[in-house]
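Chain by chain, the residues:
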Amino acid sequence: MCWYGDPGATYRYSGVSHQPSPWHEVLADLRTRIEAFSGHVFNAVLCNRYRSGRDSMGWHADDEPELGERPFIASLSLGAERLFRIRHRGTGRTLDVPLRDGDLLLMGGELQSHWRHCVPRTARPCGERINLTFRRVVPRS
Ligand SMILES: O=C(O)CCC(=O)C(=O)O
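Criteria and cut-off values
In every chain, residue numbers begin from 1 and rise along the written sequence. The predicted origin of the model limits local features to residues at a pLDDT of at least 70 and limits the giving and counting of side-chain atom pairs to 80 or more, whereas totals for whole chains, interfaces and linings rest on all residues. Side-chain numbers here rest on the full set of heavy atoms in the structure, without hydrogens or water. Working definition: helices are DSSP H or I runs of at least four residues, strands are E runs of at least two. Numbering for both runs from the N terminus. To get the radius of gyration, use the C-alpha atoms; to get the globule rule, take the number of residues to the power 0.38 and multiply by 2.2 Å. Categorising residues by exposure relies on relative accessible area from a 1.4 Å probe, with only protein chains included: less than 20% of the type maximum marks a residue as buried, more than 50% marks it as exposed, and the intermediate range marks it as partly exposed. Should any heavy atoms of two residues lie within 4.5 Å, those residues are considered in contact. Residue exposure ignores everything except the shown protein chains as possible cover, and the areas themselves are Shrake-Rupley values with a 1.4 Å probe. In this tally, Asp and Glu contribute negative charge and Lys and Arg positive charge; neither His nor the terminal groups of the chain are included. The location of each charge is read from NZ of Lys, CZ of Arg, CG of Asp or CD of Glu. For this description, a residue counts as near a given molecule or strand if any of its non-hydrogen atoms is within 4 Å of it. The term polar contact refers here to a pair of N or O atoms within 3.5 Å; inside protein, the definition further demands a hydrogen-donor-capable atom paired with an acceptor-capable atom, and it admits residues adjacent in sequence only when both atoms are side-chain atoms. Put simply, Ala, Val, Leu, Ile, Met, Phe, Trp, Tyr, Cys and Pro go in the nonpolar bin, Asp, Glu, Lys and Arg in the charged bin, and everything else, Gly too, in the polar bin. Nonpolar cores are built from buried Ala, Val, Leu, Ile, Met, Phe, Trp, Tyr and Cys residues. Side-chain atoms within 4.5 Å join them into one set. Here, strands pair whenever DSSP counts at least two bridges between them. Every angle, taken between N-to-C directions, lies between 0 and 180 degrees, and every axis is a line fitted to C-alpha atoms, over only the stretch in contact when it is a helix. Helix span is expected to be 1.5 Å times the residue number reduced by one. Relevant arc is that of directions from the helix axis to the C-beta atoms, nothing else. Centres within 6.5 Å make a pair out of two Phe, Tyr or Trp rings, where for Trp the six-membered ring is used; the pair is then stacked when the planes are under 30 degrees apart, edge-to-face when over 60, and tilted otherwise. Any Lys NZ or Arg CZ that is within 6 Å of a ring centre and within 35 degrees of that ring's normal is treated as a charge sitting over the ring.

- Per an unreviewed UniProt entry, the chain goes by the name 2OG-Fe(II) oxygenase family domain protein and belongs to Methylococcus capsulatus.

### Considerations on the overall build of the chain
Okay, so step 1: Summing up its helical and strand segments, the chain has two helices and 11 strands in all.
Okay, so step 2: Sequence-ordered secondary structure for the chain, helices as α and strands as β, is β-β-β-α-β-β-β-β-β-β-α-β-β.
Okay, so step 3: The C-alpha radius of gyration computed for the chain amounts to 15 Å, which stays within 12% of the reference 14 Å derived for 141 residues, consistent with globular compactness.
Okay, so step 4: Taken over the C-alpha atoms alone, the chain extends approximately 40 × 35 × 30 Å along its principal axes.
Okay, so step 5: Looking at the chain residue by residue over its 141 residues, the buried ones come to 40%.
Okay, so step 6: Across the chain, contacts joining residues at least 24 apart in sequence account for 73% of those joining residues at least 6 apart.
Okay, so step 7: Counting every atom, the chain has about 8000 Å² of accessible surface; 51% of that belongs to carbon and sulfur.
Okay, so step 8: Computed over 20 positive and 16 negative side-chain charges, the inter-centroid distance for the chain is 6 Å.

### Some remarks on the site of the ligand
Okay, so step 1: Neighbouring the ligand are 14 residues, the closest being Tyr 50, His 60, Asp 62, His 117 and Arg 129.
Okay, so step 2: One of the side-chain nitrogen or oxygen atoms of Asp 62 is found 3.0 Å away from an oxygen atom of the ligand.
Okay, so step 3: Between the ligand and Arg 129, the relevant distance is 2.8 Å, taken from an oxygen atom to a side-chain nitrogen or oxygen of the residue.
Okay, so step 4: A total of 290 Å² of accessible area belongs to the ligand in isolation, and the protein chains cover 98% of it.
Okay, so step 5: Secondary structure elements with two or more residues in the shell around the ligand: strand E4 (44-50), strand E5 (57-60), strand E10 (115-119) and strand E11 (129-135).
Okay, so step 6: For the shell around the ligand, the element with the most residues is E11, which contributes four residues.
Okay, so step 7: Residues that form the shell around the ligand fall into these classes: six nonpolar, five polar and three charged.

### Describing the nonpolar core
Okay, so step 1: Among the nonpolar cores identified, the biggest contains 17 residues, and Trp 3, Phe 84, Met 107 and Val 137 are the most heavily contacted of them.
Okay, so step 2: Apart from the residues within four sequence positions on either side, Trp 3 is in contact with Ala 9, Thr 10, Tyr 11, His 18, Gln 19, Pro 20, Ser 21, Ala 44, Val 45, Leu 46, Arg 135 and Val 137.

### Overview of the sheet that holds E11
Okay, so step 1: With respect to topology, five strands assemble into an open sheet ordered E1-E4-E11-E6-E9, the strand pairing being antiparallel. Strand pairing shows two members of the sheet lacking a second neighbour, strand E1 (2-5) and strand E9 (104-107), which therefore form its edges. Going across the sheet, the axis of each strand differs from the next one's by a mean of 20°, ignoring polarity.
Okay, so step 2: As defined by bridge partners, E4 adjoins E11 across seven bridges and the pair is classed as antiparallel. Within E11, the position partnered with Val 45 by the bridge is Phe 134.
Okay, so step 3: Strands E1, E4, strand E6 (73-79), E9 and E11 of the sheet are contacted by helix H1 (residues 25-38), whose axis makes an angle of about 60° with E11.

### Regarding H1
Okay, so step 1: With 14 residues, H1 ought to run about 20 Å at 1.5 Å a step, and its terminal C-alpha atoms sit 20 Å apart, in line with that.
Okay, so step 2: Every buried residue of H1 is listed here: Leu 27, Leu 30, Arg 31, Ile 34 and Ser 38. Looking down the long axis of H1, one finds its buried residues gathered within 105° of arc, a one-sided arrangement. Exposed residues on H1 whose side chains face more than 90 degrees from its buried face are Glu 25, Arg 33 and Ala 36.
Okay, so step 3: On its buried side, H1 packs onto E1, E4, E6, E9 and E11.
Okay, so step 4: After H1 finishes, the residue Gly 39 shows a positive phi value of roughly 75°.

### Overview of the packing of aromatic side chains
Okay, so step 1: As enumerated under the stated definition, the model contains three aromatic pairs in all.
Okay, so step 2: Pairwise contacts between aromatic rings join Phe 42, Phe 72 and Phe 134 into one cluster.
Okay, so step 3: The positively charged end of Arg 87 is found above the aromatic ring belonging to Trp 59, 4.0 Å away from the centroid.

Next up, the structure:
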């Protein structure tokens, strides 16, 4: 996992403050293109690497206070296909979204407050995957 962003785009989770690394030129270029496509502005990106099907992400929502009330998050998948599973907090309704190389998942509105998501482990042989979630962090007041 690593965190890149504008100066001051500090992200706090699991009790730890993460200072952003300066934008790598490839990430900066992707940000510009995804901003133009989505019509939203981002000041940081969280990068997660899944080395194999054994690497996973547990149930959570991207609902940290510094992401604001209805965060808009653009998630770019690169490499191996993995399932992105979302579950409604109230009804338990669950949806599986396969994310393939080059897919861009846009999450906005009430998604983070009403749903949780995860990337489950898989026993299916699968290669590496990198996921980039472009976010807008607003400093805590
Ligand atoms: O890898 C993914 O597609 C999801 C990543 C994720 O849940 C997150 O960064 O909060």
